[in-house]
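Residue-level structural notes
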Amino acid sequence: MQENPSNSRWDGLLIDCHLATMNETGTPFGAIRNAALGWKDGRIVFAGAMSALPGKPGALSAHVQSAAGACITPGLVDCHTHLVFGGNRADEFDQRLNGASYQDIARAGGGIVSTLKATRELDEAALLAESLPRARALLADGVTTIEIKSGYGLDLPSEMKMLRVARTLGSTLGIGVRTTFLGAHALPPEFAGRQDEYVAHICDVLLPEVARSGLADAVDAFCETIAFTPAQTRQVFRQARALGLPVKLHADQLSDLGGAALSAEFGGLSADHIEHTSAAGVRAMAKAGTVAVLLPGAYYALRDTTLPPIAALREHGVAMAVATDLNPGTSPLLSLRLAMNMACTLFRLTPEEALRGTTVNAARALGINDRGRLACGMRADFTIWDAAAPADLCYWIGGTLARSVISAGVIVAGQAFEQ
Ligand code: DI6
Ligand code: FE
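These notes cover the structure that comes with them. (Residues numbered from 1 in each chain as written. Chains lettered and ligands numbered in written order. Predicted model: local features only at pLDDT ≥ 70, side-chain atom pairs only at ≥ 80, totals over all residues. Heavy atoms only, no water.)

In terms of nonpolar packing, the biggest core is built from 95 residues, with Leu83, Val84, Val236 and Ile274 touching the most fellow members. Excluding residues that lie within four positions of it along the chain, Ile274 makes contacts with Ala251, Asp252, Ala260, Met285, Ala292, Leu294, Pro308, Pro309 and Leu313. If you look at the next biggest cluster of nonpolar residues, it comprises 20 residues, including Cys17, Leu37, Ala47 and Met378. (Core = buried A, V, L, I, M, F, W, Y, C linked by side-chain atoms within 4.5 Å. Buried < 20%, exposed > 50% of the residue type's maximum accessible area, 1.4 Å probe, protein only. Contact = heavy atoms within 4.5 Å.)

The subject of this paragraph is the pattern of salt bridges. Taken as a whole and judged by the stated rule, the model has 18 salt bridges. One salt bridge connects Arg356 with Glu24, and the closest N-O pair in it is separated by 3.9 Å. Of this pair, Arg356 sits in helix α14 (residues 351-357) while Glu24 sits in the loop between β1 (12-20) and β2 (31-40), placing them 332 residues apart in sequence. Residue classification places Glu24 among the exposed residues on the basis of a relative accessible area of 73%. The partner of Arg212 in a salt bridge is Glu209, and the shortest N-O contact between them spans 2.7 Å. One end of the pair is Arg212 and the other is Glu209, both in helix α7 (residues 195-213) and 3 residues apart, which spans about a single turn. According to the relative accessible area criterion, Glu209 is partly exposed, its value standing at 28%. Here the residues in one salt-bridge network are Glu24, Glu352 and Arg356, joined through shared partners. (Salt bridge = Lys/Arg side-chain N within 4 Å of Asp/Glu carboxyl O. Helix = DSSP H or I, 4+ residues; strand = E, 2+ residues; numbered from the N terminus.)

In this section: the packing of α7 against helix α8 (residues 230-242). Between α7 and α8, whose axes approach to 10 Å, the crossing angle comes to 10°. On the basis of their axis angle, the class for α7 and α8 is roughly parallel. Residues Gln195, Asp196, Val199, Ile202, Cys203, Leu207 and Pro208 of α7 touch α8, and the partners they reach there are Gln232, Gln235, Val236, Gln239 and Ala240. Partitioning the contact of α7 with α8 into residue classes produces 7 nonpolar, 4 polar and 1 charged. (Axes fitted to C-alpha atoms, helices over the stretch in contact; angles between N-to-C directions. Parallel < 35°, antiparallel > 145°, perpendicular 65-115°, else oblique. Nonpolar A, V, L, I, M, F, W, Y, C, P; charged D, E, K, R; others polar.)

Of all 7 residues that make up strand β7 (residues 143-149), 7 are buried, and the element is covered over most of its length. Note: strand β6 (residues 76-78) against β7, 3 bridges, orientation parallel. Counterpart to Val77 in the pairing with β7 is Thr145. In this sheet, strand β8 (residues 176-184) lies alongside β7 in parallel orientation, the contact comprising 5 bridges. Residue pairing in the sheet places Lys149 in a bridge with Thr180 of β8. (Pairing = 2+ DSSP bridges.)

It is worth spelling out the packing of aromatic side chains at this point. Counting across every chain of the model gives 8 aromatic pairs. Seen from their ring centres, Tyr198 and Phe228 are 6.3 Å apart, and the 40° between their planes marks the pair as tilted. In this pair, Tyr198 sits in helix α7 while Phe228 sits in the loop between β9 (218-223) and α8, placing the two residues 30 residues apart along the sequence. The burial state of Tyr198 is the same as that of Phe228; both residues are buried. Aromatic side chains Tyr395 and Trp396 sit 4.9 Å apart centroid to centroid with 65° between the ring planes, which places their arrangement in the edge-to-face category. (Phe/Tyr/Trp six-rings, centres within 6.5 Å; stacked < 30°, edge-to-face > 60°.)

By themselves, these figures tell us nothing about what the structure is for.
What follows is the structure, encoded as structure tokens:
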């Protein structure tokens, strides 16, 4: 866990902190008390006990700062969001409170299609301007990597526009962004009554163009009775894999269509939601190493009552992640920490499982292994919290706990260090 200072000194060194490294050390949270964290060129060069520092702090770095006992975690990873979109759907919230179901609203032409119209109307700059505050809200709460899906454009120019905006969010804010193409999200109005033709259009036109552009890191689909069938999802996944893109799936959220097993069948990075997933689905995920992404914000907002199969996931050793699912319809949730709280309160995850779910397991759900833990060589993505213990992050409901948020060694939100 340590590295000698090379010829040049470290860019920064925090001392007197409590690290939740999330490494498999046998201690809860991989915790190290009385610890220090050093970084250089955007990478962690030391994450260990103060007593193991390879020299006097002032000799190791010109920028030494005491964290005064604060807890430091890896920068949080929100591995499932739809945060680029136009407008909002507060009107549907009202309709649902008056008895309409999410499915009723979708069938009546609202839902995803209403966001599609608002998103298509905005030019790239306006879409960026509407999306930035949402990304900033996540950052302010400790997030340094965000997965962002397309899926509210559903034609080539609008999908590409969404993906470009997502990438621009990453460069503008100085954080990590992973993009996912979600062409199979809903049926665009111009394909009404021609669902199979739209799926063919995804496979023949949209996916090849998106793959060629390099703007998507993965491909997702909404496999559901109100969206796409397992057979249609399979078609999309076959083409995605043929083009070299990994897949993940909105699976078994409202009904059990065997979505989790379908994702696993294609070596899926993740199966997300999975409230209705069967034991066979869980076994398939375990075998394929597919991560279970739990989205308690959507469960809460839709007043769902079917819990994801947490006990079976634990029993089979399926890695669990937790994300906001930030979207205008079913999860207008702007805090990953609140998603962690909900994962504990509603799904009975332990605080440690919830934090694994937004760090190391969330990175895994995105197919990346250079973040999500505090260890030498990892990206210097970390959050300094106004909290003494990592479980506090799940315990508090709301409030502002993130003191400083650092991405690749640079402060991207919260207080600057005194240097
Ligand atoms: N993720 C989704 O893509 C859908 N539900 C979910 O949890 C729908 C999003 C929307 O209604 O806009
Ligand atoms: Fe979603």
